[in-house]
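Residue strings, one per chain:
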Amino acid sequence: MTLAPARPAPARAARSTRLVDQFELGLDAPICLTWELTYACNLECAHCLSSSGRRDPRELTTEQCKAVIDELQRMQVFYVNVGGGEPTIRPDFWELLEYAVAHDVGVKFSTNGVRLTPERAAFLAATDYVDVQISLDGATAEVNDYVRGPGSYDTAIQALANLQEAGFRDAKISVVCTRQNLGQLDDFKALADRYGATLRLTRLRPSGRGADVWDELHPLPEQQRELYDWLVAHGDEVLTGDSFFHLSAYGPEDGSGALPGLNLCGAGRVVCLIDPVGDVYACPFAIHDEFLAGNLLADGGFGRVWRESELFADLRSPQTGGACSKCAFFDSCRGGCMAAKFFTGLPLDGPDPECVQGYGEQALAGERVVPASSQDHSKAGPTRNQPVMLQLLTRPPVSACAESPLAGFDPQAPS
Amino acid sequence: MPDPLLGEAWTLSPAVALRPEPFGALAYHFGNRKLTFLKRPELVAVVRCLAEHGCVRAALEASGVPEAQHAAYAAALRGLAETDMIRPRERQAAA
Ligand code: SF4
Ligand code: SF4
């Protein structure tokens, strides 16, 4: 366990009542908890945030998972974002889903759609407190399959059709925004409308295998601007979680251009990840020893890790200032995403690699050491599901679905 | 004119759970899945005891909210009603 390096210091007024300031100090339990149930996956997406592919033999058992759910219920974690890997290929997935909703832990799960048969769709339509997110990274098969692998577009569309047919309302189409698909935003929206679904856009972070392809896939600066403008125009019809707060610096200096959602890095404060073996990380995009807070089996349960880990205490404490705290846009951008900086080898108290002021590009051009990955569940050899783009890469790829740590999160407070 | 809501009987929605937090509480609605932050402990106290009182004004008084702030609290409660965090008591009986 290591302590996070210095990050920018918020200019915090004493006893502020602003919610973001409260959030920076951390909550008694996470709001946006992601739980990756398995590292196993049928696909091998090029940008998988958790480097998934093979099942980990230490994966939590059904009984251990139920004990985690019991604890989440006691902590009043009202819902959990379930992902993987492909969570539905765990044989006990549906059993765990029923167990969770019966214990007041709502489930939002991300899937590539592989197991969403008409029967499963009917079951989901009849179950309360369940949200389904179908991952789709292109509005056409060509663009999607480029990163998610052959056949994955058809699988996702079939799943959406099955859900709609079964009367499941308001499924989510979850899109990781890339250089290749940003021109398709209106098409994604039309697709969502066609299936009675809501569009959910998330940021590509250089996490997991995403680190290998980030240079090729991450949006160009002019695309970021277009994305910001599109979000300003469509903000209330799409979900973005905390994905794009670094773009708020496109707005005026008074922060009025901030996008809906949480405008701050919530890692270890309101955001957290439980991985398939019970390791607890600060954020689903930060699966690395540097951000490992503990293990819920070895360290006395999830609540204890959340409350007592040194790493989380450090993430919640005021930090020393960095280059960003002098930036006029710091209040809305707050230096961007910790994981994006870490996995591109940039200092955590400096600008985001996609800083809209261009400081990220400068930093990327300078000297930096990209950290080695500390775990990888990618399949060892190529398979027929391998995306074509990966045949050019040296590292064997594999799959999963990008999960925003703040899925559907709405911090609007009436008081 | 004072907000008529002050004279009405209200309650926390049965689908809502409150989780205590350092700043007040987090309210989660299991039906519409909205998450709301109650940023003052006083507001949390009011919301928790709405059902025990004949009207909102009585709940405010019982929670020690000075009369000068009743209008502001009524507005906050209306905000909460918009997402069904709280609801008029008759509707609950009808549901
Ligand atoms: S590290 Fe990035 S993805 Fe994770 S909570 Fe912070 S801003 Fe969000
Ligand atoms: S320098 Fe860039 S990353 Fe840092 S706060 Fe300003 S806009 Fe954000």
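Just above sits the structure.
These numbers come from a predicted model, not from an experiment.

Conventions and cut-offs
- Residues numbered from 1 in each chain as written.
- Chains lettered and ligands numbered in written order.
- Predicted model: local features only at pLDDT ≥ 70, side-chain atom pairs only at ≥ 80, totals over all residues.
- Heavy atoms only, no water.
- Helix = DSSP H or I, 4+ residues; strand = E, 2+ residues; numbered from the N terminus.
- Rg over C-alpha atoms; globule rule 2.2 N^0.38 Å.
- Buried < 20%, exposed > 50% of the residue type's maximum accessible area, 1.4 Å probe, protein only.
- Contact = heavy atoms within 4.5 Å.
- Areas by Shrake-Rupley, 256 points an atom, 1.4 Å probe, with all protein chains shown as cover.
- Lys, Arg positive; Asp, Glu negative; His and termini not counted.
- Charge placed at Lys NZ, Arg CZ, Asp CG, Glu CD.
- Polar contact = N/O pair within 3.5 Å; in protein donor to acceptor, adjacent residues only side chain to side chain.
- Pairing = 2+ DSSP bridges.
- Axes fitted to C-alpha atoms, helices over the stretch in contact; angles between N-to-C directions.
- Expected span 1.5 Å × (residues − 1).
- Arc of directions from axis to C-beta.
- Near = heavy atom within 4 Å.
- Nonpolar A, V, L, I, M, F, W, Y, C, P; charged D, E, K, R; others polar.
- Phe/Tyr/Trp six-rings, centres within 6.5 Å; stacked < 30°, edge-to-face > 60°.

As for the overall build of chain B
For chain B, the helix and strand inventory stands at 4 helices and 5 strands. When the helices and strands of chain B are placed in sequence order, the string is β-β-β-β-α-α-α-β-α. Radius of gyration (C-alpha) of chain B: 12 Å, near the 12 Å computed for a compact globule of 95 residues. Once the C-alpha set of chain B is aligned to its principal axes, its extents read approximately 35 × 35 × 20 Å. Looking at chain B residue by residue over its 95 residues, the buried ones come to 47%. Considering only contacts in chain B between residues 6 or more positions apart, those separated by 24 or more positions represent 57%. Working note: accessible area of chain B is about 4400 Å², and carbon and sulfur atoms make up 54% of it. Taken as two groups, the 11 positive and 10 negative side-chain charges of chain B have centres that lie 8 Å from each other.

As for the side chain of R205 of chain A
Along the chain, R205 of chain A turns up in the loop between strand 6 (198–203) and helix 8 (210–217). In this structure the side chain of R205 of chain A is engaged in a polar contact, spanning 3.3 Å, whose partner is the side chain of D242 of chain A.

Brief notes about the sheet that holds strand 3 (residues 24–29) of chain B
All names here are of chain B. With antiparallel pairing, 3 strands are arranged side by side in an open sheet as 2-3-4. Only two strands of the sheet have a single neighbouring strand rather than two, namely strand 2 (16–21) and strand 4 (35–38). On average, adjacent strands in this sheet sit at an angle of 25 degrees to one another, irrespective of strand direction. Two elements, strand 3 and strand 4, share 4 bridges in a ladder whose sense is antiparallel. Within strand 4, the residue paired with A25 across the bridge is L38.

Brief notes about helix 9 (residues 221–234) of chain A
Residue and element names in this part refer to chain A. In a regular helix each residue adds 1.5 Å, so 14 residues correspond to 20 Å; helix 9 covers 20 Å between its end C-alpha atoms and thus fits that length. For helix 9, the complete set of buried residues consists of Q223, Q224, L227, Y228, W230, L231 and H234. For helix 9, the arc enclosing every buried residue in end-on projection is 165 degrees, short of the 170-degree limit, so these residues lie on one face. In this structure, helix 9 carries E226, V232 and A233 as exposed residues pointing more than 90 degrees from its buried face. Those residues of helix 9 that are buried lie in contact with helix 7 (185–194), strand 6 and strand 7 (238–239).

Re the site of ligand 2
Close contacts around ligand 2 come from A249, C324, C327, F330, C333, G335, P351, D352, C355, Q357 and Y359 of chain A, and that covers them all. For the shell around ligand 2, the per-class residue count stands at 8 nonpolar, 2 polar and 1 charged.

What to know about the packing of aromatic side chains
If you walk through the whole model with that rule in mind, you get 16 aromatic pairs over all chains. Between F23 of chain A and F37 of chain B, the ring centres sit 5.2 Å apart and the planes meet at 65 degrees, which makes this aromatic pair edge-to-face. You can see F23 of chain A sitting in helix 1 (residues 19–24) and its partner F37 of chain B sitting in strand 4, one on each of two chains. An identical accessibility class is assigned to F23 of chain A and F37 of chain B; each is buried.

Function cannot be inferred from these measures alone, as they are strictly geometric.
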